[in-house]
Amino acid sequence: MPSVSWILHQTSHVGNVGSAARAIKTMGFDQLILVAPKNSDAIRAPDAIALASGADDVLAKTQVMDSLALATKDHHLVFGLSARDREFGPPSISLKEACAMAQGQSCAFLFGTERAGLSNEDYQFCSHRVWIDANPSYSSLNLAQAVMVCAYEMRQSLTITPPTHLKEPTLKATMESINALMDHLREGLIAIDFLNPSHPKKLMERLRSLFDRAGLHPEEVDLLRGVAKQMILKNDKKI
Ligand code: SAH
């Protein structure tokens, strides 16, 4: 199986952690990551071990991290799972589209909290918003069930369309490099007075949506950082 991470953000119930470990192991995956779980010892909690039911090896090697920035930084594609749509943020795609896109890329599936799901800030670390097709008037699955559906679909897509049948995929820029580009560009846009930091008018969010839709490649990130650098330099010379 290729590199697929399963990230649970600020999970409250340790039982969901155990069930998620079981779900991903059943489907042939093993990289579970917890970001700031409510119980910092979730992977050793008796209820987690009980619900993992034989997937305690996955649980034992689960990484616990402090931030989403750290957990997502090396991935080319980060799918933020949500039953709801939002005005801003990355483009929305179906789970099937996400799984097809993930072939040959290092990807992560990111799940929100049991209570509130993923926040707007969390989507800063996602390349796409992904929805699981469901009853429109009752669409919210339990966290571990959502993990199960995604792991199943990902397995189907890998076994039905193995990467060898596809042309060589082009690697996308990592989440870390895109967030660094956003910081750099923000600085540049402030330098040329295009962005007023006290009235930002969602400019950065709009630009980020545009970049997410485009699916930037590393050399395109470098190009845009070159533009940002020049904006800052030109402004420095003026003074
Ligand atoms: N009450 C929360 C949902 C919590 S469910 C809310 O209203 O957003 C826990 C997590 O499971 C969600 O954050 C999401 O990542 C995933 N999930 C549940 N149902 C989903 C669906 N239909 N499509 C995509 N993700 C879903």
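Since the model is a prediction, treat every value here as computed from it, not as a measurement. In this convention, every chain numbers its residues from 1, walking through the sequence in written order. Confidence filtering applies because this is a predicted model: local features only for residues at pLDDT of at least 70, side-chain atom pairs given and counted only at 80 or more, and all residues used for totals across whole chains, interfaces and linings. Excluding hydrogens and water, the side-chain values take into account all heavy atoms of the structure.

**Side note on empty space enclosed by the protein**
Cavity means a closed set of points on a 1 Å grid over the protein atoms alone, one where a 1.4 Å probe fits but cannot get out, pocket means an open set with protein on both sides within 12 Å along at least 5 of 7 lines, and lining means a residue has an atom within 4 Å of a point. Grid points are joined across faces, edges and corners, and a volume is the space filled by probe spheres set on the points. This structure, assessed with the given rule, holds one cavity of 30 Å³ or more. There is about 70 Å³ of room inside the largest cavity. Taken together, His76, Leu77, Ser127, His128, Lys172, Ala173, Met175, Ile178, Phe211, Asp212, Gly215 and Leu216 form the lining of the largest cavity. Within the lining of the largest cavity, the residues separate by chemical class into six nonpolar, four polar and two charged. The classification used treats Ala, Val, Leu, Ile, Met, Phe, Trp, Tyr, Cys and Pro as nonpolar, Asp, Glu, Lys and Arg as charged, and all other residues, Gly among them, as polar.

**A few points about helix 8 (residues 203-214)**
Residues three or four positions apart in an α-helix share a direction because the helix packs 3.6 residues into each turn. Under the DSSP-based scheme used, a helix requires at least four consecutive residues in state H or I and a strand at least two consecutive residues in state E, with every element numbered from the N terminus. Expected helix span is given by 1.5 Å per residue-to-residue step, counting one fewer step than there are residues. Its 12 residues place the ends of helix 8 17 Å apart at the C-alpha level, agreeing with the 16 Å of an ideal helix rising 1.5 Å per residue. Taken together, the buried positions of helix 8 are Leu203, Met204, Leu207, Arg208, Ser209, Phe211 and Asp212. Any pair of residues with heavy atoms lying within 4.5 Å of one another is described as a contacting pair. Tucked inside the fold, the buried residues of helix 8 contact helix 7 (175-191) and helix 9 (218-238). Only protein chains enter the area calculation, which uses a 1.4 Å probe; residues under 20% of their type maximum are buried, those over 50% are exposed, and those in between are partly exposed.

**A word on the packing of helix 7 against helix 9**
Lines fitted to C-alpha atoms define the axes here, with helix axes fitted over just the stretch in contact, and angles between the N-to-C directions of these axes take values from 0 to 180 degrees. At a minimum axis separation of 8 Å, helix 7 and helix 9 run at an interaxial angle of 25 degrees. One way to sum up the angle between helix 7 and helix 9 is to call them roughly parallel. Judged by the sense of rotation from one axis to the other, the crossing of helix 7 with helix 9 is left-handed. Across from Ser177, Ile178, Ala180, Leu181, His184, Leu185, Glu187, Gly188, Leu189 and Ala191 in helix 7, the residues of helix 9 making contact are Val221, Leu224, Arg225, Ala228, Lys229, Met231, Ile232 and Asn235. Looking at the contact of helix 7 with helix 9 residue by residue, the class counts come to 11 nonpolar, four polar and three charged. With respect to orientation, any angle under 35 degrees is reported as roughly parallel, any angle over 145 as roughly antiparallel, any angle of 65 to 115 as roughly perpendicular, and every other angle as oblique. Handedness of a crossing is defined here by the sense of rotation of the near helix relative to the far one, left-handed for an anticlockwise turn of less than a right angle and right-handed for a clockwise turn.

**Observations regarding the packing of aromatic side chains**
Aromatic contacts are taken between Phe, Tyr and Trp rings whose centres are within 6.5 Å, Trp giving its six-membered ring; a plane angle under 30 degrees counts as stacked, one over 60 as edge-to-face, and the others as tilted. Inspection of every chain in the model, using the stated rule, returns four aromatic pairs. For the pair Trp6 and Phe29, a centre-to-centre distance of 5.3 Å together with 55 degrees between the ring planes defines the contact as tilted. Residue Trp6 is found in strand 1 (residues 4-9), and its partner Phe29 is found in the loop between helix 1 (14-26) and strand 2 (31-35); the two are separated by 23 residues along the sequence. Taken as a pair, Trp6 and Phe29 share a single burial class, namely buried. Ring centres 6.5 Å apart and planes at 15 degrees place the aromatic pair Trp6 and Phe111 in the stacked group. Of the two residues, Trp6 sits in strand 1 while Phe111 sits in strand 6 (residues 107-111), which places them 105 residues apart along the sequence. The pair formed by Trp6 and Phe111 is uniform in burial state, with each residue classed as buried. Taken together through their ring pairs, the aromatic side chains of Trp6, Phe29, Phe79, Phe109 and Phe111 make up a single cluster. Charges are assigned to positions over rings by a cutoff of 6 Å between ring centre and Lys NZ or Arg CZ, combined with an angular limit of 35 degrees from the ring normal. When the ring centre of Tyr123 is taken as origin, the NZ or CZ atom of Arg129, which lies over that ring, is 4.1 Å away.

**Here we look at the site of the ligand**
The near set for a molecule or strand comprises every residue that places at least one heavy atom within 4 Å of it. In the vicinity of the ligand there are 19 residues, among which Leu81, Arg84, Ile132, Ser139 and Leu141 approach most closely. Measuring from an oxygen atom of the ligand, one finds a backbone N or O atom of Gly112 at 3.1 Å. Polar contact criterion, stated in full: a pair of N or O atoms within 3.5 Å, where within protein one must be able to donate a hydrogen and the other to accept it, and residues adjacent in sequence count only if both atoms are side-chain atoms. At a separation of 2.7 Å, a nitrogen atom of the ligand approaches a polar backbone atom of Ser139. Taken by itself the ligand offers 550 Å² of open surface, and the protein chains cover 89% of this. Looking at the shell around the ligand, the elements with two or more residues in it are strand 7 (128-131) and helix 6 (143-160). The class makeup of the residues in the shell around the ligand is 10 nonpolar, six polar and three charged. Residue exposure ignores everything except the shown protein chains as possible cover, and the areas themselves are Shrake-Rupley values with a 1.4 Å probe.

**Concerning the pattern of salt bridges**
Salt bridges are identified by distance alone: a Lys or Arg side-chain nitrogen within 4 Å of an Asp or Glu carboxyl oxygen. A full pass over the atoms with the stated rule returns six salt bridges. In this structure, the salt-bridge partner of Lys61 is Asp30, at a minimum N-O distance of 3.2 Å. Pair noted here: Lys61 is in the loop between helix 3 (56-60) and strand 3 (63-65) and Asp30 is in the loop between helix 1 and strand 2, with a separation of 31 residues, a long-range link. According to the relative accessible area criterion, Lys61 is partly exposed, its value standing at 48%.

**Notes on the pairing of strand 2**
By the criterion of burial, strand 2 is predominantly enclosed, with four of the five residues buried. Following DSSP output, two strands are said to pair if at least two bridges run between them. As paired strands, strand 1 and strand 2 are joined by five bridges and run parallel to one another. Bridging across to strand 2, His9 finds its partner in Val35. Orient the strands so they point away from the viewer, and a crossover whose first-strand-to-second-strand path over the helix runs clockwise is right-handed. Read from strand 1 through helix 1 to strand 2, the crossover connection turns out right-handed.

**Focus: the domain arrangement of the protein**
In terms of domains, the protein is made up of domain 1 (4-158) and domain 2 (175-238). Segmentation into domains, and thus their bounds, comes from an automatic or database assignment. For domain 1 and domain 2, the distance between their C-alpha centres works out to 29 Å. Taken together, the contacts link 14 residues of domain 1 with 10 residues of domain 2. Accessible area, probed at 1.4 Å, shrinks when two parts are joined; the buried area is that loss added up over both. Interface area, domain 1 with domain 2, both sides summed: about 900 Å², of which 57% is carbon and sulfur. Area buried by domain 1 at its contact with domain 2 is led by Lys73, Phe88 and Gln124, which between them contribute 51% of it. One can count zero salt bridges joining domain 1 with domain 2. Between domain 1 and domain 2 we count five residue pairs in polar contact (both at pLDDT 80 or more) in total.

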